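Structural overview for review
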Amino acid sequence: MEYDLLGWPPDGPKLRLDHERFSYAGKFVMTNTGKAVARADDEIVAAAAFNEDRTDEGTLWIRYVTVDRERRGQGIGPELLSLVRDRARERGYDRLRIAVNNPFAYEALYRTGFAYTGETTGIAELLLEYPSPISDARATAETRRERYQQGLEKFRERELSAAEEEFLASRCGSDPPDSIGDREVSE
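Keep in mind that what you see is a predicted model, and the values were worked out from it rather than measured.

With that out of the way, let us pick up the side chain of Asn-51. Residue placement: Asn-51 occurs in strand 3 (residues 43–52). The class for Asn-51 is buried, based on a relative accessible area of 14%. A distance of 2.7 Å separates the side chain of Asn-51 from the side chain of Arg-63, its partner in a polar contact. Apart from residues no more than four positions distant in its own chain, Asn-51 is found in contact with Pro-9, Asn-32, Thr-33, Leu-60, Trp-61 and Arg-63.

Looking at the chain as a whole, the pLDDT averages 91, with 94% of positions reaching at least 70. Ignoring residues within four places in sequence, the model shows residues 182–187, a span with pLDDT below 50, making 16 contacts including any to other chains.

Turning our attention to the packing of helix 2 (residues 103–111) against helix 4 (residues 162–170). Each packed pair of helices is defined by two parameters, the angle between the axes and the distance between the axes. Close contact between helix 2 and helix 4 brings their axes to 10 Å; oriented N to C, the two are set at 40 degrees. Considering the angle they form, helix 2 stands oblique to helix 4. Together, Pro-103, Phe-104 and Glu-107 of helix 2 and Ala-163, Glu-164, Phe-167 and Leu-168 of helix 4 make up the contact between the two elements. Split by residue class, the contact of helix 2 with helix 4 holds 5 nonpolar, no polar and 2 charged.

Okay, the nonpolar core next. If you look at the biggest cluster of nonpolar residues, it comprises 37 residues, and the most contacted ones within it are Tyr-106 and Leu-128. With 6 residues, the top contributor of residues to this core is helix 1 (residues 76–90). Setting aside residues up to four positions removed in sequence, Leu-128 forms contacts with Leu-96, Arg-97, Ile-98, Val-100, Tyr-106, Leu-109, Tyr-110, Phe-114, Ala-115, Tyr-116 and Thr-117. With 8 residues, the next largest nonpolar core counts Phe-22, Val-37, Ala-47 and Ala-49 among its residues.

The linkage connecting Pro-9 with the following residue, Pro-10, adopts the cis geometry, with an omega of 5 degrees. Cis geometry is found at the peptide bond from Tyr-130 to Pro-131, where omega equals -5 degrees. Tracing the chain through its elements places Pro-131 in the loop between strand 7 (126–130) and helix 3 (141–156). Phi is positive for Tyr-24, which is not a glycine, with a value near 60 degrees. Inspection of the secondary structure assignment puts Tyr-24 in the loop between strand 1 (2–7) and strand 2 (34–40). Tyr-24 gets classed as partly exposed once you look at its relative accessible area, which sits at 36%. Residues other than glycine seldom take positive phi values, yet Asp-42 does so here, at roughly 65 degrees. Within the secondary structure layout, Asp-42 lies in the loop between strand 2 and strand 3. Asp-42 sits in the exposed class, given a relative accessible area of 69%.

Scoring rules and cut-offs
- Residues numbered from 1 in each chain as written.
- Predicted model: local features only at pLDDT ≥ 70, side-chain atom pairs only at ≥ 80, totals over all residues.
- Heavy atoms only, no water.
- Helix = DSSP H or I, 4+ residues; strand = E, 2+ residues; numbered from the N terminus.
- Buried < 20%, exposed > 50% of the residue type's maximum accessible area, 1.4 Å probe, protein only.
- Polar contact = N/O pair within 3.5 Å; in protein donor to acceptor, adjacent residues only side chain to side chain.
- Contact = heavy atoms within 4.5 Å.
- pLDDT = per-residue confidence, 0-100.
- Axes fitted to C-alpha atoms, helices over the stretch in contact; angles between N-to-C directions.
- Parallel < 35°, antiparallel > 145°, perpendicular 65-115°, else oblique.
- Nonpolar A, V, L, I, M, F, W, Y, C, P; charged D, E, K, R; others polar.
- Core = buried A, V, L, I, M, F, W, Y, C linked by side-chain atoms within 4.5 Å.

Shown next, in the form of C-alpha cells:
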C-alpha cells in the first residue's frame, strides 16, 4: 500500500472517484481542499480531503475521508489519516479536527490518536481532535475511557444498522483503541 499527500489547500488536485465504491465521491472534485490518497497497484483505494480553519490558521480540518467499500476494515483509513496528521504537524498546524457521523469512523480516528472533544456539530456529528483534548499528563486511563465511551453513547442514541449495533455492543465498557502511533513520513 502506498500513501501520498497530493497537495495542500487551496490548490488541491481534483480527484474523480467512483461514487459506487466511495462515499462522498463528489466532494473530491473540489480543488480548494488538500488531498491525500492510499493506492494499491496504482489504484486509489482511499482518499482524504482537508483545509485550514477559516478563523484559526493553526487548525486543519479533515473534511472527508473515504475508503473503497471493498477495502473497509483493513486499517487503510487510519494509516492515511496518520500521514495527513504527520504532514500537517510538520507544516506547523497545532491541531487537527474532524466531525464524524458513524461509529466506524469514530474508532478509526481514535486509532490515529484523535479523541472526542465532547462536542457535536449542528448536523449531529461528533467532533474529534488531535492532539487529544485529554492527552495531558493529568488525564487518567479512566478519564480517557469515559470520554471514549461518551462518544459511543451518542451513537447508541441514534437509529443504527445491525452492523453498527453489533460494533457498539462489542465496545461496551472498553478502553479506547490503541493508536497506531506516529508513522515515519518520507518526502
